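# Residue-level structure breakdown
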Amino acid sequence: RDAVLCEVTGCFLAANRNDLWCNALNMNPRPERFLFLDADVIPDPGYVETLEAEMVALGCDIMGGVYAMKQGEDQTSVALDAGTHAKKMTAEEIHASPPSWTSPCLLVATGLMLIDFTKPWVEKVAFSTRDLIEKRGGQFVTVNDSEDYRFCSAARSHGAIIGVTRKIGTIHVGRRDHPFKGGD
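What this report covers is the structure whose coordinates are included nearby.

Analysis parameters
- Residues numbered from 1 in each chain as written.
- Predicted model: local features only at pLDDT ≥ 70, side-chain atom pairs only at ≥ 80, totals over all residues.
- Heavy atoms only, no water.
- Pairing = 2+ DSSP bridges.
- Helix = DSSP H or I, 4+ residues; strand = E, 2+ residues; numbered from the N terminus.
- Axes fitted to C-alpha atoms, helices over the stretch in contact; angles between N-to-C directions.
- Polar contact = N/O pair within 3.5 Å; in protein donor to acceptor, adjacent residues only side chain to side chain.
- Buried < 20%, exposed > 50% of the residue type's maximum accessible area, 1.4 Å probe, protein only.
- Contact = heavy atoms within 4.5 Å.

Sheet architecture is open: three strands sit in the order β2-β12-β13, paired in antiparallel fashion. The two strands at the open ends of the sheet, each matched to only one other strand, are β2 (41-43) and β13 (178-180). The sheet shows a mean angle of 15° between the axes of neighbouring strands, taken without regard to direction. Of the pairings in the sheet, the one linking β2 to strand β12 (residues 170-172) comprises three bridges and is antiparallel in character. Directly across from Ile42, in β12, lies its bridge partner Ile171.

Shown next as structure tokens:
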């Protein structure tokens, strides 16, 4: 397969992802697939083929892989849209789900994400964040929506079908490695 590698090194994730997205939108010819792979996510060999096969099998526009979050507490990169917030799924919940699946409320992170770039909605979405301070129960708390999940919500609002597969093992590199054991 032909592939083009683009790298950005800025510190604003949403802006970086938008730069990469615009680069791909402006390519001639435009690529059929767009892969996000963060520098700190190491997937098992054959991950592109697995993402592609599962995307086709489920008829998805976006197929995400699973990786452990650095914050711990068994949280993964996969969440469900709970209306007012994203509820991250645990590794236990992921392993209790089918190996690959889709849901109208599914949100996947861009650290390992394959996108069907032939769909019209790719010209209508962008990455953005939402950061607020709210008072809850007498205490001020930060509220933030990640660019990943907001992207998924925007794509879904334009008809995108989002899927996830746990068939790929990953390591999320940080001060210590955060592995996710993939498999059927």
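Moving on, we come to the environment of Tyr149. Inspection of the secondary structure assignment puts Tyr149 in helix α4 (residues 147-157). From its side chain, Tyr149 meets the backbone oxygen of Ser77 in a polar contact 3.0 Å long.

Here the focus is the pairing of strand β4 (residues 75-81). Pairing analysis gives four bridges linking β4 to strand β5 (residues 86-90), with the strands arranged antiparallel. When the sheet's bridge partners are listed, Ala79 is paired in β5 with Lys88. The hairpin formed by β4 and β5 contains four residues between the paired strands, and Gly83 there has a positive phi angle of roughly 90°. As judged from the three bridges shared by β4 and strand β7 (residues 106-108), these two strands associate in the antiparallel manner. Residue pairing for β7: Leu80 is matched across the bridge by Leu106.

Here we come to the environment of Glu93. Topologically, Glu93 is positioned in helix α3 (residues 91-96). Taking the relative accessible area as the measure of exposure, Glu93 reaches 31% and is therefore partly exposed. In this structure, the C-alpha to C-alpha distance between Glu93 and Met63, residues 30 residues apart in sequence, is 18 Å. Leave out the neighbours within four places in its chain, and Glu93 touches Lys87 and Lys88. Within the structure, the side chain of Glu93 is placed 2.8 Å from the backbone nitrogen of Thr90, a separation counted as a polar contact.

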